[in-house]
Amino acid sequence: MKKKVGLVGWRGMVGSVLLKRMIKKKDFNKFISIFFSTSEVGKKNPFNFSYSNKILKDAYNIEELKELDIIITCQGSAYTNKIYPLLRFSGWSGYWIDAASDLRMKKDSLIILDPINKKNIINSINNGIKTFVGGNCTVSLMMLALGGLFKNNLIEWISFSTYQAASGGGSGYILELLKQMKYLNKSLLNNLKNLESILNVEKILTKITKNDSFPTNFSIVPLIINLIPWIDSSLKNGQSKEEWKMESETNKILCRSNTNKILIDGTCVRVNSLRCHSQSFLIKLKKNINLNEIEKIISNHNKWVRIIPNNKEFSMKKLTPLSVTGTLNIPIGRIRKLSLGPKYLSAFSIGDQLLWGAAEPLRRMLKFLI
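How each quantity is defined
Residues numbered from 1 in each chain as written. Predicted model: local features only at pLDDT ≥ 70, side-chain atom pairs only at ≥ 80, totals over all residues. Heavy atoms only, no water. Buried < 20%, exposed > 50% of the residue type's maximum accessible area, 1.4 Å probe, protein only. Helix = DSSP H or I, 4+ residues; strand = E, 2+ residues; numbered from the N terminus. Pairing = 2+ DSSP bridges. Phe/Tyr/Trp six-rings, centres within 6.5 Å; stacked < 30°, edge-to-face > 60°. Lys NZ or Arg CZ within 6 Å of the ring centre and 35° of its normal. Lys, Arg positive; Asp, Glu negative; His and termini not counted. Salt bridge = Lys/Arg side-chain N within 4 Å of Asp/Glu carboxyl O. Contact = heavy atoms within 4.5 Å. Axes fitted to C-alpha atoms, helices over the stretch in contact; angles between N-to-C directions.

Participant: Tell me what's going on with helix 5 (residues 137-145), and back it up with residues and numbers.
Facilitator: Counting buried positions along helix 5 gives 9 out of 9 residues, so the element sits mostly inside the fold. Turning to helix 5, its buried residues number three or more, namely C137, T138, V139, S140, L141, M142, M143, L144 and A145.

This is the structure:
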């Protein structure tokens, strides 16, 4: 008997990427899909799958949600915080798969990234865990890139710097970045006579971005020709919450307690690429291993990681957001030992945060449950 799967939040960026992957992999043939909406209840379902509802259902209707075996949601934190407790309180014992962060660190939930913790996922299903949550995008991408080192217990600590795309802040962030591009372009066209020198260009652009009418509703400050060295809310210890997630979520995925956790800290930065998050790592290994062995350990861990030779040509062509966007590839390069000592390793990695960083772990979790 086919399971009933409810889909919520399938129009947003993560939801759209998830649907494309599910359609490509023909996942919808394996279950009865029920599409829900928070804003267009009663309208025609735009998808004509064999086992699907024709009319969009109400995503806030607890009675209808209770009829489902599995709910997969990309609707966001506000929806999760409102509906999830009500649904559980009503007695619903189905499986909840979520892209939002709010349930990740709960004791009765599991962060899902099956190339890293497949065994734990299967054990959790067998032990009655019903709540599965996708991890933070930078955490998931880091763990896939460095999976071999984690698996072989070779990491003592990691210091990171992230370079996170506008899309990590949501569709509004991308639209605002595009508006900023348009605003600058329009102003430049109106000031071509002042562009005799590069310094004049710089002066004009800088002045424009400081104008009160410059679009900064989402980014607060201009993201174009700029960067923002803070992502998410503030914590009392001076970290941003995004930075806190790197250590806390990684160790939960690895089932490590406070007594044997891997120390991970650094700075998360928003940059003006449209898609794909990049990360620079300074890693202290537990023992001295030669680079050839390190690369072999990394490349043998999963089929998506790609070792990029540490030279200028390959780094510029294969280790950029544009070379990765829209793919499941996880390139890692700039791998070298540092002058700090033989146990200190540098690396740089990139991944599409809308795929492995968000949608793909949810899709693969649904396959486990189906």
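Next, the rest of the story.
Participant: Outline the pairing of strand 6 (residues 109-112), supporting the account with residue identities and numerical values.
Facilitator: A two-sided burial pattern is seen for strand 6, the buried positions comprising S109 and I111 on one face and L110 and I112 on the other. With 4 bridges joining them, strand 6 and strand 7 (residues 131-134) adopt parallel strand pairing. Residue I112 lies in a different strand from strand 7, and its bridge partner there is G134.

Participant: Account for the pairing of strand 10 (residues 277-285), naming residues and giving values.
Facilitator: Counting buried positions along strand 10 yields 7 of 9 residues, so the element is predominantly enclosed. Two elements, strand 8 (residues 155-164) and strand 10, share 8 bridges in a ladder whose sense is antiparallel. Looking across to strand 10, one finds that F160 is bridged to F281. Relative to strand 13 (residues 344-351), strand 10 is paired through 8 bridges, and the arrangement is antiparallel. Bridge assignment links K284 to a residue of strand 13, and that residue is Y344.

Participant: Please provide a residue-by-residue account of the packing of aromatic side chains, values included.
Facilitator: Summed over the entire model, instances satisfying the criterion amount to 16 aromatic pairs. On the numbers, 6.4 Å between centres and 35 degrees between planes, the contact of Y95 with F132 is tilted. Linking Y95 in strand 5 (residues 95-98) with F132 in strand 7, this pair joins segments that are 37 residues apart in sequence. You'll find Y95 and F132 in the same group, each marked buried. Taken together, the ring pairs in this structure connect W10, F28, F31, F35, F47 and F49 into an aromatic cluster. Residue placement shows K2 over the ring face of Y51; its charged tip is 4.5 Å from the ring centre. Note that R270 overlies the ring of Y173, its terminal NZ or CZ placed 5.1 Å from the centroid.

Participant: Can you lay out the side chain of D98 for me, pointing to particular residues and giving the numbers?
Facilitator: If you trace the backbone, D98 turns up in strand 5. Buried within the structure, D98 lacks any salt-bridge partner; R104 is the closest side chain of opposite charge, at an N-O distance of 8.1 Å. With residues up to four places along the chain from it excluded, the contact list for D98 reads T73, T80, L103, F132, V133, G134 and L362.

Participant: Describe in detail the sheet that holds strand 13, supporting the description with residues and values.
Facilitator: What the 6 strands build is an open sheet, ordered 9-8-10-13-12-11; its pairing is mixed. This sheet does not close on itself; its edge strands, each paired only once, are strand 9 (263-270) and strand 11 (305-307). Taking each pair of neighbouring strands and ignoring which way they run, the sheet shows an average axis angle of 20 degrees. The strands touched by helix 5 within the sheet are strand 8, strand 9, strand 10, strand 11, strand 12 (330-337) and strand 13, with strand 10 carrying the most contacts at an inclination of about 55 degrees.

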